[in-house]
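# Architecture at a glance
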Amino acid sequence: MAIRELKVCLLGDTGVGKSSIVCRFVQDHFDHNISPTIGASFLTKTVPCGNELHKFLIWDTAGQERDSFQTLKKWVKELKEHGPEDIVVAIAGNKTDLGDIREVPTKEAKDFAESIAAIFMETSARNAVNIEELFQKISRQIPPLENTDADSHESFKLTRQPPPSSRRCC
Ligand SMILES: Nc1nc2c(ncn2[C@@H]2O[C@H](COP(=O)(O)OP(=O)(O)OP(=O)(O)O)[C@@H](O)[C@H]2O)c(=O)[nH]1
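For the protein, the name recorded in an unreviewed UniProt entry is Ras-related protein Rab-31 isoform X2, with Carassius auratus as its organism. The UniProt entry for the protein carries the following text under Sequence similarities (unreviewed entry): "Belongs to the small GTPase superfamily. Rab family."

### Here's the deal with the overall build of the protein
Within the protein one finds 4 helices and 5 strands. Secondary structure elements in the protein, listed N-terminal to C-terminal, are β-α-β-β-α-β-α-β-α. Relative to its 170 residues, the protein shows a buried fraction of 31%. If you take every contact in the protein between residues at least 6 apart in sequence, the share linking residues at least 24 apart comes to 65%.

### Focus on the site of the ligand
Among the 24 residues in the neighbourhood of the ligand, the closest are listed as Thr14, Lys18, Ser20, Gly63 and Asp97. Between the ligand and Thr14, the relevant distance is 2.5 Å, taken from an oxygen atom to a side-chain nitrogen or oxygen of the residue. With respect to the ligand, the side chain of Ser20 contributes an N or O atom lying 2.6 Å from an oxygen atom. Surface burial for the ligand is 88%, taken as the share of its 660 Å² of free accessible area covered by protein chains.

### Describing the sheet that holds strand S2 (residues 40-49)
Spatially, S1-S3-S2 is the arrangement adopted by the 3 strands of the open sheet, whose pairing is mixed. Edge strands, defined here as strands with exactly one partner in the open sheet, are strand S1 (2-10) and S2. Within this sheet the neighbouring strands show an average axis-to-axis angle of 20°, counted without direction. Bridging between S1 and strand S3 (residues 52-61) involves 9 bridges; their strand directions are parallel.

### Considering the layout of surface pockets
Within this model, the largest pocket holds a volume of roughly 1,500 Å³. In terms of lining, the largest pocket is formed by 49 residues, of which the most central are Leu11, Leu72, Ala90, Ile91 and Ala92. Broken down by secondary-structure element, the contributors of at least two residues to the lining of the largest pocket are S1, helix H1 (18-27), helix H2 (68-82), strand S4 (90-93), helix H3 (106-115), strand S5 (119-122) and helix H4 (131-141). Looking at the lining of the largest pocket residue by residue, the class counts come to 30 nonpolar, 8 polar and 11 charged. Grouping the constituent residues of the lining of the second largest pocket by class yields 7 nonpolar, 11 polar and 6 charged.

### Things to note about the side chain of Ser139
Looking at where Ser139 falls in the secondary structure, it is placed in helix H4. Residue classification places Ser139 among the buried positions, given a relative accessible area of 3%. Setting aside chain neighbours within four positions, we find Ser139 in contact with Leu6, Val47, Cys49, His54 and Phe56.

Conventions and cut-offs
Residues numbered from 1 in each chain as written. Predicted model: local features only at pLDDT ≥ 70, side-chain atom pairs only at ≥ 80, totals over all residues. Heavy atoms only, no water. UniProt positions renumbered as here; feature names shortened; annotations may be inferred. Helix = DSSP H or I, 4+ residues; strand = E, 2+ residues; numbered from the N terminus. Buried < 20%, exposed > 50% of the residue type's maximum accessible area, 1.4 Å probe, protein only. Contact = heavy atoms within 4.5 Å. Near = heavy atom within 4 Å. Polar contact = N/O pair within 3.5 Å; in protein donor to acceptor, adjacent residues only side chain to side chain. Areas by Shrake-Rupley, 256 points an atom, 1.4 Å probe, with all protein chains shown as cover. Pairing = 2+ DSSP bridges. Axes fitted to C-alpha atoms, helices over the stretch in contact; angles between N-to-C directions. 1 Å grid on protein atoms, 1.4 Å probe; cavity = no way out; pocket = protein on both sides within 12 Å on 5 of 7 lines; lining within 4 Å. Points joined across faces, edges and corners; volume = space filled by probe spheres on them. Nonpolar A, V, L, I, M, F, W, Y, C, P; charged D, E, K, R; others polar.

Printed below as a string of structure tokens:
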């Protein structure tokens, strides 16, 4: 089974729950007293996806500001301008367990996600709601590997390398 490495970077303001989402996904654990991230942290998790295994290489960054929806828009602009063309963007509206005291209305976030063709999921790291599903959706948006000779496990011919030339430098 082919293994593909998917680089994931969590971006967002401080306290929105980035580390908690990763912790729930990788360790199925939630910590009420989780420490703020300093710099960035790195974790991995491998999950099956169709005929492939997807190894998520997850970079969890430290958030800074505290206006999460405006910051999200700034990040999306940066990613569109400087990110790779085939990037998959997913927006998580976290802390759904807090009900009405959440800051961003679902419709506003959903409309914004649709306008940039991003995945949108409302999650709760605390209650383990939609965390697996979020990463599964990302997995499914990754196009399958082309079935090239290198990917199929067919044999290939080793050819003898010509001897290195005896050219001298200078
Ligand atoms: N109620 C509730 N609290 C959450 C949830 N996710 C995270 N929290 C809490 O929110 C606080 C911040 O969570 P973090 O995961 O550290 O947030 P972060 O975005 O990684 O923050 P930085 O590392 O500062 O960028 C912690 O007290 C968490 O326990 C959630 O789904 N529901």
